[in-house]
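# Structural characterization, general
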Amino acid sequence: MNKVSIRVPATSANCGSGFDTLGLACTLYNEVTYEITSTRGFQLEVTGEGAEYLKPCGRNLAFASFFRVWNEVTDRERIGLKITMHNRIPMSRGLGSSSSAIVAGIFAGNILSGNRFNDDELLGFATEIEGHPDNVAPAILGGLVLSSQEDDGSVSYFKMNWPEDWDLTVCIPDFELSTEIARSVLPKEVPMQDAIYNTKHLAMMLQAISEENPKLMKASMKDRLHQPYREKLVPGMHEIMEAFKHEDGVLGCVLSGAGPSMLVISHKYDVDKIKSIVKDIWESQNINVDVEISNLWEIEQILQKFYKRKK
């Protein structure tokens, strides 16, 4: 085999109180084809997001992650490589666009070098490249994933079953926010009571998901570690979160990753009303918005088909 196509989902990290700990997959995908060629060097064709500035070079994560696995197996065998991307995941919107490139590369590198590694090993490669597992873990495993990179570099994780009748609505504004800037506003230290507050609410969230308890979920979707500091970087964020506080069917509204996209979790609630509320607020500030509805069960089928897993 000298050619493979990979389909990688967007991801939404943090989920409120799960800062740098939780991530879930979203039904918005990048499709990437890798082809080993007889001509040495890198080739890249891109449509969609990033088409105007992504370049075929070793610093491009899609190439770098491929060769991280390829070189591990082949002892750095030199090849020509052509990558064709169709990108739907917006860049710098808090939806794991960099993680999608990393995951595409490591899976393609694994498949084209003989499919030597399993999911846990590939997650280790991806975390090594990304620096943390909260986005790459759900991009590889699907669903909602609790993950941690341990002191020795290994990754511990637990994949949770998402309640079938809890809807995920991803609201994507038409402006970018780099992760570096979003990180820069966070304090180096936080008050002990804020750390305890998040620990309690994360524990409640995990229990609420486990027992499919909407009331407990609504009480748990609170954060003091990152969202209050990033709010000033995202116009309309405060207004959107306030608008959903007293809607019974909305279980939580949180920043997606580092932002500026917003994630709304709901139960037996009119999703069209969510779209309307978010659009009214953002468009009143001259911000256009796209709204995507995610189905975690669809993602499971997609990943099984496109990743050709080794158990």
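Residues numbered from 1 in each chain as written. Predicted model: local features only at pLDDT ≥ 70, side-chain atom pairs only at ≥ 80, totals over all residues. Heavy atoms only, no water.

What follows is about the packing of aromatic side chains. Note on aromatic pairs: each is described by the distance of the centres and the angle between the planes. Going through the model one piece at a time under the given rule, you end up with seven aromatic pairs. Look at Phe66 and Phe67: their rings are 5.1 Å apart centre to centre, the planes differ by 80 degrees, and that puts the pair in the edge-to-face class. In this structure an aromatic cluster arises from ring pairing among Tyr34, Phe42, Phe63, Phe66, Phe67 and Trp70. The ring of Tyr29 carries the charged tip of Arg7 above its face, separated from the ring centre by 4.3 Å. (Phe/Tyr/Trp six-rings, centres within 6.5 Å; stacked < 30°, edge-to-face > 60°. Lys NZ or Arg CZ within 6 Å of the ring centre and 35° of its normal.)

The terminal C-alpha atoms of helix H3 (residues 119-130), which comprises twelve residues, lie 16 Å apart, in line with the 16 Å expected from a rise of 1.5 Å per residue. Turning to H3, its buried residues are Asp119, Leu122, Leu123, Phe125, Ala126, Thr127 and Glu130. Contact partners of the buried residues in H3: helix H1 (61-74), helix H2 (97-112), helix H4 (136-141), strand S5 (144-149) and strand S6 (155-160). Measuring from the side-chain oxygen of the N-cap residue of H3 to the backbone nitrogen of Asp120 gives 3.1 Å; that N-cap residue is Asn118. The positive-phi residue at the C-terminal boundary of H3 is Gly131, with phi of around 100 degrees. (Helix = DSSP H or I, 4+ residues; strand = E, 2+ residues; numbered from the N terminus. Expected span 1.5 Å × (residues − 1). Buried < 20%, exposed > 50% of the residue type's maximum accessible area, 1.4 Å probe, protein only. Contact = heavy atoms within 4.5 Å. Polar contact = N/O pair within 3.5 Å; in protein donor to acceptor, adjacent residues only side chain to side chain.)

To continue, consider the pattern of salt bridges. Tallied over the entire structure, the rule returns eleven salt bridges. Across the pair Lys245 and Glu242 runs a salt bridge whose closest N-O atoms are separated by 2.8 Å. Classification of Glu242 as partly exposed rests on a relative accessible area of 34%. Note that Lys275 and Asp272 form a salt bridge whose closest N and O atoms lie 3.9 Å from each other. (Salt bridge = Lys/Arg side-chain N within 4 Å of Asp/Glu carboxyl O.)

On to unusual backbone geometry. Across the chain, the bulk of peptide bonds are trans and the bulk of non-glycine residues have phi less than zero. With omega at 10 degrees, the peptide bond leading from Gly259 into Pro260 counts as cis. The phi torsion at Cys15 lies on the positive side, around 55 degrees, for a residue other than glycine. Mapping Cys15 onto the fold places it in the loop between strand S1 (3-13) and strand S2 (22-37). Positive phi values are uncommon outside glycine, yet Glu212 reaches one of about 50 degrees.

Approximately 780 Å³ is the volume attributed to the largest pocket. Forming the boundary of the largest pocket are 41 residues, of which Ser92, Gly96, Ser97, Ser98 and Thr179 lie nearest the centre. Looking at the lining of the largest pocket, the elements with two or more residues in it are S2, H1, strand S4 (80-87), H2 and helix H5 (179-184). Here the element with the most residues in the lining of the largest pocket is H2; it accounts for five residues. A per-class count over the lining of the largest pocket returns 17 nonpolar, 16 polar and eight charged. Empty space within the second largest pocket amounts to approximately 410 Å³. (1 Å grid on protein atoms, 1.4 Å probe; cavity = no way out; pocket = protein on both sides within 12 Å on 5 of 7 lines; lining within 4 Å. Points joined across faces, edges and corners; volume = space filled by probe spheres on them. Nonpolar A, V, L, I, M, F, W, Y, C, P; charged D, E, K, R; others polar.)

Below, the discussion takes up the side chain of His201. Tracing the backbone through its elements, the reader meets His201 in helix H6 (residues 192-210). Every residue in contact with His201, bar those within four places of it in the chain, is listed here: Ser17, Ala219, Ser220 and Lys222.

This brings us to the packing of H1 against H3. Running from N to C, H1 and H3 cross one another at 135 degrees; their axes reach a closest spacing of 11 Å. Comparing their axes, H3 and H1 come out oblique. By crossing handedness, the relation of H1 to H3 is classed as right-handed. The segment H1 lies against H3, with Leu61, Ser65, Arg68, Val69 and Glu72 engaging Leu122, Phe125, Glu128 and Ile129. Residue composition of the contact of H1 with H3, grouped by class: five nonpolar, one polar and three charged. (Axes fitted to C-alpha atoms, helices over the stretch in contact; angles between N-to-C directions. Parallel < 35°, antiparallel > 145°, perpendicular 65-115°, else oblique. Left-handed = near helix turned anticlockwise from the far one by under 90°.)

Right, let's talk about the confidence of the model for the chain for a bit. The predicted model of the chain averages 93 in pLDDT, with 95% of residues at 70 or higher. Within the chain, the lowest mean pLDDT, 60, falls on helix H11 (residues 296-307), and the highest, 98, falls on helix H8 (residues 227-230). (pLDDT = per-residue confidence, 0-100.)

As a further point, take the packing of H2 against H3. Helix packing geometry: the angle between the two helix axes and the distance between the axes. Running from amino to carboxyl end, H2 crosses H3 at an angle of 135 degrees, the nearest separation of the two axes being 10 Å. Taken together, the axes of H2 and H3 are oblique relative to one another. Crossing geometry of H2 relative to H3 is assigned as right-handed. Mapping the contact onto sequence places Ser98, Ser99, Ile102, Ile106, Phe107 and Asn110 in H2 and Asp119, Leu122, Phe125, Ala126, Ile129 and Glu130 in H3. Here the residues of the contact of H2 with H3 sort into seven nonpolar, three polar and two charged.

The next subject is helix H10 (residues 271-283). An ideal rise of 1.5 Å per residue puts 18 Å on 13 residues; H10 measures up with 18 Å between its terminal C-alpha atoms. Among all positions in H10, only Val271, Ile274, Ile277, Val278, Ile281 and Trp282 are buried. The arc that holds the buried residues of H10, viewed along the axis, is 120 degrees, so those residues lie on one side. What points out from H10, more than 90 degrees from its buried face, is the exposed set Asp272 and Asp280. If you follow the buried residues of H10, they end up packed against strand S7 (166-173), helix H9 (237-244), strand S9 (262-267) and strand S10 (289-294). One side-chain oxygen of the residue at the start of H10 lies 3.0 Å from the amide nitrogen of Asp272, identifying that residue as Asp270. (Arc of directions from axis to C-beta.)

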